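Reading the structure
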Amino acid sequence: TLVDMYAKFSLLTKAKQVFDELPERNVVSWNSLISGYVQNGLNHEALSYFEKMQDNKAINPNAITYVCMLKACGSIECLHIGEQIHDEIRKNGLLEKNSVLGTTLVNMYVKCDMLERAQDVFDSLCKRDVVSWSALIAGYAQHGHGEKALNCFSLMQEDGVSPDVVTFIVILKACGSVGDFGKGKQIHDEITARGLLKQNIVLGNALIDM
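1. Some remarks on the side chain of Thr103
- Structurally, Thr103 can be placed in helix H7 (residues 99–111).
- According to the relative accessible area criterion, Thr103 is buried, its value standing at 9%.
- Not counting chain neighbours up to four residues away, the residues in contact with Thr103 comprise Asp129, Val131, Ser132 and Ala135.

Listed below in structure tokens is the structure:
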């Protein structure tokens, strides 16, 4: 808990000092330090500690560890380690049990510009929520595949998943990139009907840009 507290205050030197002084370290203490590095953008340091954690054969990473490491891999586009972690997740059968892990894996492949892999992981998910749909849609929109983003958005609605602010922002970007004014106006009407413009200036900016 001390390690976690110092990490949340961005006092990583203190967090590491407490971690080093621990008489025993379990997966929770390792996760606290690793997630602290990731949350503060020190992704290479997080990867280094993940390797040290794996050197200790008595400690097995869990879903929280993998989520942190996939975020780090995505941030620095470290695909080869991300793929290794994907293999470990698959061997341990964790994707069937953890939707957050699946979404983070989709997001990692998106950030590494591996959209086919992101789609494959997404298709294999047992449960797809608005976060996982938005991650995939954002990937297509951000990498210039506006039509695919719009197609995913339609499939998401057919699947009965309601878009949130993040989804609307990325799909408006896709509408603008492919020049689909009709779809953009339709989304504008939905945003207005839900009263979202009063709550989010980024959404308003995305509409102006579209």
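2. With respect to helix H6 (residues 79–91)
- Given a rise of 1.5 Å per residue, 13 residues ought to cover 18 Å, and the 18 Å separating the end C-alpha atoms of H6 matches this to within 8%.
- For H6, the full list of buried residues reads Ile81, Gly82, Ile85, His86 and Ile89. An end-on view of H6 places all buried positions within 145° of arc, on one side of the element. Along H6, exposed side chains directed more than 90 degrees from the buried face belong to His80 and Lys91.
- Check the buried side of H6 and you find it contacts helix H4 (43–55), helix H5 (63–75), H7 and helix H8 (115–124).
- Just downstream of H6, Gly93 is the residue with a positive phi angle, here 65°.

3. Some details on the nonpolar core
- Ranked by internal contacts, the top residues of the largest apolar core, which has 71 residues, are Ile85 and Val106.
- Residues within four places of Val106 in sequence aside, it is in contact with Ala118, Val121, Phe122, Leu125, Ala135 and Leu136.

4. Some points on helix H3 (residues 27–39)
- Helix length check: H3, at 13 residues, gives a terminal C-alpha distance of 18 Å against a target of 18 Å (1.5 Å per residue), a fit within 8%.
- Here H3 lies mainly inside the structure; 11 of its 13 residues are buried.
- Listed in full, the buried residues belonging to H3 are Val27, Ser29, Trp30, Asn31, Ser32, Leu33, Ile34, Ser35, Gly36, Tyr37 and Val38.
- Next to the buried residues of H3 lie helix H1 (2–8), helix H2 (12–21), H4 and H5.
- The backbone nitrogen of Val28 lies 3.1 Å from a side-chain oxygen of the residue at the head of H3, namely Asn26.

5. Some points on the packing of aromatic side chains
- Evaluation of the coordinates by the stated rule reveals 5 aromatic pairs.
- Arranged with centres 4.7 Å apart and planes meeting at 70°, the rings of Phe122 and Trp133 form a pair that is edge-to-face. With Phe122 in helix H8 and Trp133 in helix H9 (residues 130–142), this residue pair connects regions lying 11 residues apart in the sequence. The exposure classification of Phe122 matches that of Trp133, with both residues buried.
- One aromatic cluster in this structure is built from Phe19, Trp30, Tyr37 and Tyr49.
- Sitting over the face of the ring of Phe19, Arg25 holds its NZ or CZ atom 4.8 Å from the ring centroid.

6. A word on the state of the cysteines
- According to the stated counting rule, one finds 0 disulfides in the structure shown.
- Counting only cysteine sulfurs, Cys73 is the nearest neighbor of Cys68, a cysteine outside any disulfide, at a range of 11 Å.
- Of all cysteine sulfurs, the one in Cys152 lies closest to Cys126, which takes part in no disulfide; the gap is 18 Å.
- Overall, the relative accessible area of 62% leaves Cys126 in the exposed class.

7. Some details on the packing of H6 against H7
- Between H6 and H7, whose axes approach to 11 Å, the crossing angle comes to 155°. For the element pair H6 / H7, the angle class is roughly antiparallel. The chirality of how H6 crosses H7 is left-handed. Residues Leu79, Gly82, Glu83, His86 and Ile89 of H6 form the contact with H7, whose participating residues are Leu101, Leu105, Met108 and Tyr109.
- Each residue belonging to the contact of H6 with H7 can be placed in one class, and the counts come to 6 nonpolar, 2 polar and 1 charged.

8. Considering unusual backbone geometry
- Backbone geometry places Glu77, a non-glycine residue, at a positive phi of 55°.
- Structurally, the position occupied by Glu77 is in the loop between H5 and H6.
- On the accessibility criterion, Glu77 (55% relative accessible area) is exposed.
- Phi is positive for Asp113, close to 60°, though the residue is something other than glycine.
- Looking at the secondary structure, you find Asp113 in the loop between H7 and H8.

What counts, and at which threshold
Residues numbered from 1 in each chain as written. Predicted model: local features only at pLDDT ≥ 70, side-chain atom pairs only at ≥ 80, totals over all residues. Heavy atoms only, no water. Helix = DSSP H or I, 4+ residues; strand = E, 2+ residues; numbered from the N terminus. Buried < 20%, exposed > 50% of the residue type's maximum accessible area, 1.4 Å probe, protein only. Contact = heavy atoms within 4.5 Å. Expected span 1.5 Å × (residues − 1). Arc of directions from axis to C-beta. Core = buried A, V, L, I, M, F, W, Y, C linked by side-chain atoms within 4.5 Å. Polar contact = N/O pair within 3.5 Å; in protein donor to acceptor, adjacent residues only side chain to side chain. Phe/Tyr/Trp six-rings, centres within 6.5 Å; stacked < 30°, edge-to-face > 60°. Lys NZ or Arg CZ within 6 Å of the ring centre and 35° of its normal. Disulfide = S-S within 2.5 Å. Axes fitted to C-alpha atoms, helices over the stretch in contact; angles between N-to-C directions. Parallel < 35°, antiparallel > 145°, perpendicular 65-115°, else oblique. Left-handed = near helix turned anticlockwise from the far one by under 90°. Nonpolar A, V, L, I, M, F, W, Y, C, P; charged D, E, K, R; others polar.

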